Amino acid sequence: MGLDTIVRNGLIVTESGVLPAGQEIGISNGKISLIGFGLPEGPETKIIDAQGAYITPGGVDSHVHLAQRNAPTGDTWETGTRSAVAGGTTTVLAFASQTKEMTSLFPVLEEYHEKSRGQSYCDYGFHFILTNPSETILWQELPRIAKEEGITSVKLYMTYELYKLSDRQLLDTMLACRSLGLTTMIHAENSDMINFLIQGLERNENTAPFFHAISAPKIAEDEASYRAIRLAELVDAPVLLVHVSSDGAMKHIREAQTRLLPIHAETCPHYLFLLSDKLANHEHDAFHGAKGVCSPPLRHNPEDLEALWRGISNDTFTIFSSDHAPTKYDHPQGKKAGIIDGIPKFSKIPKGIPGIETRLSLLFSETEGCLPKERARLSLARFVQLTSGNPARLYGLTRKGSIMPGFDADLVVWHPHNQGEKTIAQEKLHHGVDYTPFEGMRVRNWPRLTMLRGEIVWDADKDSVTGVKGFGNFLKRENGRLLVGKLGQLPAGMIEGERDLWRPRPVA
Ligand code: DUC
Ligand code: ZN
Ligand code: ZN
Ligand code: ZN
């Protein structure tokens, strides 16, 4: 029996580097079955010529918002995942969001299955946003859902009235997640600091979009990040701080990692490439700045970007995700919900920006794959770790994120010799919203082909998404693996009886 497909004449990038030239990837039944020189061709074998270009694993974007109730003008599963594959991403993890009045997670789960079934261009899974973590949810529903549905991660918020948890709720939830081996994502910003500043700004009629960036300063992220880490330390739980945008938060994370605490961190393209000048208005449009409103906000200085680039290079960050959270700009339920009686009010602007399609090419542009070594920000191996390998392991996607025999044949074939260089433009993107905050930026390469389980789903030569809606599968996940730190670092000097407090409870 011959191979279904052979991808030849490419440079295969793994998490430990680029394989010697000439190795080919053999694919059978949607999986990588062989890697080696001169793979045997059968009469039916399809040959894909990589034209000497790099081949990286299909991107795993573990932080995207699709079809959430709170974003009526955002992407659906169809438009969001179409945009994903056109940018080289083959797996996404999106949020199923509980609202405070929901006492069970099962209806939310059904709602998200319903919205996504038959709609996705790429493989996908869910995280739960927990806003009302009752005993029943933590100790009866989560264990069942993890086991039966393979949903093995949750996101917890420290800000927003409709989402935020108290420190006590964070502790209870972290302890339960630790017992169950779930991955716990934290949105760390100090809610009271932000509300205090919003009120002050509004009192002085400073309500233009730009003031969003003033209302949620780095110190609010630093404080909450520090607190989240200390809370996690108390119950010896691993956590992931998501969308980190500040050097102060990064320092707390780095310090915790140095002490071998299992603290993971994520950052996103906008915190590496964009500054708060994006929130300024234009002469011809007094609300233009709303296009740059995301949370945490874009920061003010080039040094802020530099600091995060250091975290990318030195392993402080475990993963790099888009935080794709789109809303239409020119729509009364989109960004323009922030215009009240004709007056812009930054605090009412939906927070979030699109970025699922541009994530990989923006970061790839800064690698040794596009730049001479002296000027590159990161190696190709590090690129693969951040964008596919690490998120796959952290979230228990055991067949995703690596070019290895036995893994799904999810691949990105780049253009050879930076022939894919292009300018990012809204009219070229495949998402459902009406702008990109990266408009006009040059990227040095773009995926030429995206393959999902051996099928070509994006073909730049045809300028076309060639995959079909519904080909993407829901992925049941295993428990994620710790990638930094280790468990068992109970506070020094703890006496025996105290230790029992933190023993994981038997799960119902
Ligand atoms: N948190 C996110 O994770 N994404 C967008 C907005 C937010 O607050
Ligand atoms: Zn968040
Ligand atoms: Zn403009
Ligand atoms: Zn998000």
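Residues numbered from 1 in each chain as written. Chains lettered and ligands numbered in written order. Predicted model: local features only at pLDDT ≥ 70, side-chain atom pairs only at ≥ 80, totals over all residues. Heavy atoms only, no water.

## Digging into the site of ligand 1
Inclusion rule: Nearness is defined per residue: one heavy atom within 4 Å of the molecule or strand is enough. We call two N or O atoms a polar contact when they sit within 3.5 Å, provided that within protein one can donate a hydrogen and the other can accept it, with sequence-adjacent residues counted only if both atoms are side-chain atoms. Throughout, the Shrake-Rupley method with a 1.4 Å probe supplies accessible areas, and for residues the shown protein chains are the sole cover considered. Under the scheme applied, nonpolar residues are Ala, Val, Leu, Ile, Met, Phe, Trp, Tyr, Cys and Pro; charged residues are Asp, Glu, Lys and Arg; polar residues are all the others, including Gly.
Close to ligand 1 lie His63, His65, Lys155, Tyr157, Tyr160, His187, His243, Ser295, Asp323, Ala325 and Lys351, which account for all nearby residues. At 2.5 Å, a side-chain N or O of Lys155 approaches an oxygen atom of ligand 1. At 3.3 Å, a side-chain N or O of His187 approaches a nitrogen atom of ligand 1. About the coverage of ligand 1: the protein hides 94% of its 240 Å² of free accessible area. Looking at the shell around ligand 1 residue by residue, the class counts come to three nonpolar, five polar and three charged.

## So, the confidence of the model for the protein
Low pLDDT means the predicted atomic positions in that stretch should not be read closely. Under the convention used in this document: pLDDT measures how confident the predictor is about each residue, on a scale from 0 to 100.
Mean pLDDT for the protein: 95, with 96% of residues reaching 70 or above. Taken over the whole predicted complex, pTM reads 0.96, whereas the ipTM for its chain interfaces reads 0.91.

## Some remarks on the environment of Ala337
Rules: Each helix corresponds to a stretch of at least 4 residues labelled H or I by DSSP, and each strand to a stretch of at least 2 residues labelled E; elements are numbered beginning at the N terminus. Should any heavy atoms of two residues lie within 4.5 Å, those residues are counted as being in contact.
Along the chain, Ala337 turns up in the loop between strand S15 (319-320) and strand S16 (339-340). Counting along the chain gives 20 residues from Ala337 to Phe317, while the straight-line C-alpha distance between them is 34 Å. Those residues in contact with Ala337 that sit more than four places away from it in its chain are His331, Pro332, Lys348 and Pro350.

## Some points on the pairing of strand S12 (residues 183-187)
Using the following cut-off: Only protein chains enter the accessibility calculation, which uses a 1.4 Å probe. A residue is then buried if its area is under 20% of the maximum for its type, exposed if over 50%, and partly exposed in between. For two strands to pair, DSSP has to find at least two bridges joining them. Looking down the strands as they point away from the viewer, one classifies a crossover as right-handed if the path from the first strand across the helix to the second runs clockwise.
Within S12, five of the five residues are buried, leaving the element largely enclosed by the surrounding structure. The side-chain alternation of S12 yields two buried faces, one formed by Thr183, Met185 and His187 and the other by Thr184 and Ile186. When strand S11 (residues 153-157) meets S12, the two strands line up parallel, connected through five bridges. Of the residues in S12, the one forming a bridge with Lys155 is Met185. Once you follow S11 into helix H4 (residues 167-180) and on to S12, the crossover reads as right-handed. Of the pairings in the sheet, the one linking S12 to strand S13 (residues 239-241) comprises two bridges and is parallel in character. Following the sheet pairing, Ile186 is matched in S13 by Leu241.

## A closer look at the UniProt feature "domain: Amidohydrolase-related" (unreviewed entry) in the protein
Under the convention used in this document: UniProt positions are given in the numbering used here, feature names are shortened, and annotations may be inferred rather than shown by experiment.
Per the UniProt record, the feature "domain: Amidohydrolase-related" (unreviewed entry) sits at residues 54-457. The distance from the first to the last C-alpha atom of residues 54-457 is 18 Å, and the span holds 33% helix and 17% strand.

## Focus on the coordination of the zinc ion (ligand 4)
Heads up, the condition is: For Na, K and Ca the donor cut-off is 3.2 Å, and for all other metals it is 2.8 Å, counting N, O and S atoms only; because water is absent from this set, sites may look incomplete.
The zinc ion (ligand 4) binds to the protein through His63 (NE2), His65 (NE2) and Asp323 (OD), with metal-donor distances spanning 1.9 to 2.0 Å. For the zinc ion (ligand 4), all donor residues lie on one chain, and their spacing in sequence is H-x1-H-x257-D. Here the zinc ion (ligand 4) and the zinc ion (ligand 2) are spaced 4.3 Å apart. Accessibility classification places His63 together with His65 in one group, the buried group.

## A look at the coordination of the zinc ion (ligand 3)
Every protein donor of the zinc ion (ligand 3) is accounted for by His282 (ND1) and His284 (NE2), and the metal-donor separations fall at 2.0 to 2.4 Å. Given the relative accessible area of 68%, His284 is considered exposed.

## Some words on the environment of Thr5
Locating Thr5 in the fold gives a position in strand S1 (residues 5-8). Take Thr5: its relative accessible area is 6%, and that puts it in the buried class. Note: C-alpha distance between Thr5 and Thr45 (40 residues apart in sequence) is 5.2 Å. Residues in contact with Thr5, not counting those within four places in the same chain, are Ile25, Gly26, Ile27, Thr45, Lys46, Ile48 and Gly454.

## Section: the UniProt feature "modified residue: N6-carboxylysine" (unreviewed entry) in the protein
Sites flagged by UniProt as "modified residue: N6-carboxylysine" (unreviewed entry) map to Lys155. With respect to the helices and strands, the residue Lys155 is situated in strand S11. Residue Lys155 is classed as buried on the basis of its relative accessible area of 1%. Residues in contact with Lys155, not counting those within four places in the same chain, are His63, Phe95, Phe128, Ile129, Leu130, Met185, His187, Val242 and His243.

## As for the side chain of Ser120
With respect to the helices, strands and loops of the structure, Ser120 is situated in the loop between helix H2 (106-116) and strand S10 (123-129). Setting aside anything within four residues of it in sequence, one finds Ser120 in contact with Trp77, Thr81, Val468, Lys469, Gly470, Phe471 and Gly472.

## Side note on the sheet that holds strand S18 (residues 411-414)
Spatial strand order, S3-S2-S7-S18-S21-S22-S23: seven strands in an open sheet with mixed pairing. Strands at the two margins of the open sheet, each flanked by one partner only, are strand S3 (17-18) and strand S23 (464-465). As judged from the three bridges shared by strand S7 (residues 54-57) and S18, these two strands associate in the antiparallel manner. Bridging across to S18, Ile55 finds its partner in Val413.

## Some remarks on the packing of H2 against helix H3 (residues 135-149)
What counts, and what does not: Between the N-to-C directions of two axes lies an angle of 0 to 180 degrees, each axis being a line fitted to C-alpha atoms and, for a helix, fitted only over the stretch in contact. An angle below 35 degrees is treated as roughly parallel, one above 145 as roughly antiparallel, one from 65 to 115 as roughly perpendicular, and anything else as oblique.
H3 packs onto H2 with a crossing angle of 30° between their chain directions and a minimal axis gap of 11 Å. What the angle tells us is that H2 and H3 run roughly parallel. Here H2 contributes Phe106, Leu109 and His113 to the contact with H3, which in turn contributes Glu141, Arg144, Ile145 and Glu149. Considering only residue class, the contact of H2 with H3 consists of three nonpolar, one polar and three charged.

## Description of the environment of Lys31
Counting through the fold element by element, Lys31 comes out in strand S5 (residues 31-37). Excluding residues within four positions of it along the chain, Lys31 makes contact with Gly26, Arg399, Gly406, Phe407, Asp408 and Ala409. Side chain to side chain, Lys31 and Asp408 meet in a polar contact 3.1 Å long.

## Looking at the packing of helix H7 (residues 218-234) against helix H8 (residues 247-258)
To characterise two packed helices, one gives the angle between the axes of the helices and the distance between these axes. So the rule is basically this: Each crossing gets its handedness from the near helix: less than a right angle anticlockwise from the far helix is left-handed, clockwise is right-handed.
Relative orientation of the contacting elements H7 and H8 amounts to 20°, with a least axis distance of 7 Å. Classified by the interaxial angle, the pair formed by H7 and H8 is roughly parallel. As for the relative orientation of H7 and H8, their crossing is right-handed in sense. Residue-level inspection shows Lys218, Glu221, Asp222, Ser225, Tyr226, Ile229 and Arg230 of H7 in contact with H8, the latter providing Asp247, Gly248, Ala249, His252, Ile253, Glu255 and Ala256. The residue makeup of the contact of H7 with H8, split by class, is five nonpolar, three polar and six charged.

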